[in-house]
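As a plain string of letters, each chain reads:
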Amino acid sequence: MNKVILLALMCLVISCGTSKKSSPFPKEDELYSTRKYIGDFLDYRHTGPEVVGGKDLIWIKTTIYSTFGRISAYGKTCEFAIGDKIYLKSTSASPGNYGYWEYQIENDYLVTYKVSEFKFENNVFKRSRSF
């Protein structure tokens with residue numbers, strides 16, 4: 001009789017114990033990466049508001065995007081240092097028929113700029129909502 005009670009008590013303790021199983025599903029913040037590495041900062045150029053869209057733009061050159069015109073952000077000067085790792089980060093979705101993501105470009109030291117929709121392709125400034 002004591003053995004049966006001891007066995008039942010052991011089963012109860014084992015079944016009520018916590019386990020450290022990992023979930024087969026990723027957590028919400030692990031579903032996608034919020035930052036994309038886009039290279040080490042090399043240089044920038046400034047375009048005045050009279051040239052494109054009435055806004056000051058900086059054109060950023062990195063080790064991955066090695067020509068000016070691919071990455072533009074709003075601003076007059078760029079405080080990134082040569083060699084800083086540069087990341088593209090999605091910040092929010094704006095209203096629209098399909099919703100547009102807004103992006104910012106940042107380094108590891110909390111310097112951020114809002115990415116503009118302007119690109120320079122085939123000697124023409126174009127508006128593009130995708131990166």
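No experiment lies behind these values; they were computed from the predicted model shown.

1. Some thoughts on the overall build of the chain
Assigned secondary structure in the chain consists of one helix and eight strands. The helix and strand sequence of the chain, counted from the amino end, reads α-β-β-β-β-β-β-β-β. Burial status across the chain gives 27% buried among its 131 residues. Excluding contacts between residues fewer than 6 apart, the proportion of contacts in the chain whose partners are at least 24 apart in sequence is 47%. Taken as a whole, the chain presents about 9700 Å² of accessible surface, with 55% of it coming from carbon and sulfur.

2. Focus on the environment of S66
For S66, the position within the fold is in the loop between β2 (57-62) and β3 (71-74). Given the relative accessible area of 44%, S66 is considered partly exposed. Remark: the alpha-carbon pair of S66 and D43, spanning 23 residues in sequence, is separated by 9.3 Å.

3. Details of the pattern of salt bridges
This model, assessed by the stated rule, comprises three salt bridges. The partner of R35 in a salt bridge is E106, and the shortest N-O contact between them spans 3.1 Å. In this pair, R35 sits in strand β1 (residues 35-47) while E106 sits in strand β5 (residues 100-106), placing the two residues 71 residues apart along the sequence. Residue R35 is classed as partly exposed on the basis of its relative accessible area, which comes to 33%. Here the salt bridges share partners, and the residues they tie into one network are R35, E106 and D108.

4. Here's the deal with the pairing of β5
Residues in a regular strand project their side chains so that they alternate between the two faces of the sheet. By the bridge criterion, three bridges tie β5 to strand β6 (residues 112-114) in an arrangement that is antiparallel. Note that in β6 the partner of Q104 across the bridge is K114. The turn linking β5 back onto β6 is made up of five residues, and L110 within it adopts a positive phi angle of 65°.

What counts and what doesn't
Residues numbered from 1 in each chain as written. Predicted model: local features only at pLDDT ≥ 70, side-chain atom pairs only at ≥ 80, totals over all residues. Heavy atoms only, no water. Helix = DSSP H or I, 4+ residues; strand = E, 2+ residues; numbered from the N terminus. Buried < 20%, exposed > 50% of the residue type's maximum accessible area, 1.4 Å probe, protein only. Contact = heavy atoms within 4.5 Å. Areas by Shrake-Rupley, 256 points an atom, 1.4 Å probe, with all protein chains shown as cover. Salt bridge = Lys/Arg side-chain N within 4 Å of Asp/Glu carboxyl O. Pairing = 2+ DSSP bridges.

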